[in-house]
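Residues per chain are reported as follows:
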Amino acid sequence: MYRPRRRGSGASQQSFNEGLYLSIFHPYSDGPQFVHELQEREGWEGVNAAYEDHPTSTAQIIDPDRYPDDPGTDVDIADRSTDAWEPVGEDGPRSEMLGEAGLFAAFWYNGVIDQQQITSASGEYARYNYAHPLTNGWDGDSIVVYEDGDEQAHVFESEWETESDAEEFASGYAELLTGNAAEPIDNRTYQVDEGESFAGAYRLVQNGTTVTIVYAPTVEALDEVHAIEEPVTASVATPSTVSATDSDQTAAAASTGSSDGIATH
């Protein structure tokens, strides 16, 4: 679901999608470090047991201390669409999880996280470092795609361990949007003009530890896809100013590889 960033023209332009590659490669980067830390903690018996009780979220690969008891929260998105918009799925709405690594890759690929961040490996056996304060507080997410004829929309909802984590992520996402030609309509709505990579309308709302992002082709269609319930206790105001070299970075994340890049459609 990534759209390539503009990196120039001609022969110098990348011929593959680095963001998608980054998310797919994560298990190969951080899997060995996860196994190493599990073996240190529980011996090879613990490693063998993980084949039967494998990690269920990328956050557990990022931070092995979260395995096995803290995979994150299941996120169910309430269907608030009008009759014009149908959720995609043969047997009802189909949802996908992006995961902590998928979100990291989206931020990195779109320049919100410094490109050099990835080169500082998170452990002796890790190839890259996928961790960053913008995504470290991940506690669950889900994305549902909608259709209206040839038009598509989506709703992405994420849960965070603290309100501060949610605010940090939301501010980072606001920065991702504005970095891709989004203009604010109000304190929670953005629009990208036709012809740009992310053309359409976005609604970005933080309510406590929950961040909801709605994409639709037009501002008017946002409520048709997913009306935000009132009252909203908090909303996104300004893009993030988090440093890519923040000393609070933790171990890196793994990727789902199926629906990465939520600022796309």
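Here the structure is a predicted model, which is why all the values come from computation and not from measurement.

Asks: Tell me about the packing of aromatic side chains, residues and numbers included.
Replies: Within this structure, the stated rule accounts for nine aromatic pairs. Relative to Tyr128, the ring of Phe25 lies with its centre 5.6 Å away and its plane at 55°, an arrangement referred to as tilted. Of this pair, Phe25 sits in helix α1 (residues 18–50) while Tyr128 sits in the loop between α3 (99–109) and β3 (138–148), and the two are 103 residues apart along the sequence. The burial state of Phe25 is the same as that of Tyr128; both residues are buried. Ring geometry for Tyr202 and Tyr215: centres 5.0 Å apart, planes at 50°, overall tilted. With Tyr202 in strand β7 (residues 200–207) and Tyr215 in strand β8 (residues 210–216), this pair connects stretches of sequence that are 13 residues apart.

Asks: Residue-level account of the side chain of Gln33, with values.
Replies: With respect to the secondary-structure elements, Gln33 resides in helix α1. Accessibility expressed as a relative area gives 9% for Gln33, which makes it buried. The residues contacting Gln33, other than those within four sequence positions of it, are Gly123, Glu124, Tyr125 and Ala126.

Asks: Give a description of the side chain of Asp165 that names residues and reports values.
Replies: Note on placement: Asp165 falls in helix α4 (residues 163–178). Sequence-distant contacts of Asp165, that is, excluding residues within four places in its chain, are made with Gly137 and Trp160.

Asks: Go over unusual backbone geometry with me, naming the residues and quoting the values.
Replies: For the peptide bond that leads from Tyr67 to Pro68, omega is 5°, which places it in the cis range. Structurally, Pro68 can be placed in the loop between α2 (58–62) and β1 (86–87). Located in the positive-phi region is Ala181, a residue other than glycine, with phi close to 75°. Tracing the chain through its elements places Ala181 in the loop between α4 and β5 (182–184). A relative accessible area of 32% places Ala181 in the partly exposed class.

Asks: So what's going on with the nonpolar core? Residues and values would help.
Replies: Grouped burial of nonpolar side chains is what soluble globular proteins tend to show. In this structure, Leu22, Phe107, Phe169, Tyr173, Tyr202, Leu204 and Val211 are the most contacted members of the largest nonpolar core, which totals 36 residues. Of all the elements in the fold, those that place two or more residues in this core are α1, α3, β3, β4 (151–160), α4, β6 (189–192), β7 and β8. Sorting elements by how many residues they give to this core places α4 first, with seven residues. Aside from chain neighbours lying at most four places away, what touches Phe107 is Val112, Ile113, Leu134, Thr135, Phe169, Gly172, Tyr173 and Leu176.

Asks: Give a detailed account of the pairing of β7, specifying residues and quantitative values.
Replies: Counting buried positions over the eight residues of β7 gives seven, a clear majority of the element. Here β6 runs beside β7; their pairing, made up of four bridges, is antiparallel. Residue Val192 lies in a different strand from β7, and its bridge partner there is Gly200. Note that β7 and β8 share seven bridges and pair antiparallel.

Asks: Outline the confidence of the model for the protein chain, supporting the account with residue identities and numerical values.
Replies: Within the protein chain, residue pLDDT values average 84, and 80% of them lie at 70 or more. Here residues 1–13 is a poorly scored stretch, pLDDT under 50, and it has 38 contacts once near neighbours within four places are set aside; other chains count. Low confidence marks residues 241–265, where pLDDT is under 50. Its contacts with residues over four positions away, or in another chain, come to 103 contacts.

What counts, and at which threshold
Residues numbered from 1 in each chain as written. Predicted model: local features only at pLDDT ≥ 70, side-chain atom pairs only at ≥ 80, totals over all residues. Heavy atoms only, no water. Phe/Tyr/Trp six-rings, centres within 6.5 Å; stacked < 30°, edge-to-face > 60°. Helix = DSSP H or I, 4+ residues; strand = E, 2+ residues; numbered from the N terminus. Buried < 20%, exposed > 50% of the residue type's maximum accessible area, 1.4 Å probe, protein only. Contact = heavy atoms within 4.5 Å. Core = buried A, V, L, I, M, F, W, Y, C linked by side-chain atoms within 4.5 Å. Pairing = 2+ DSSP bridges. pLDDT = per-residue confidence, 0-100.

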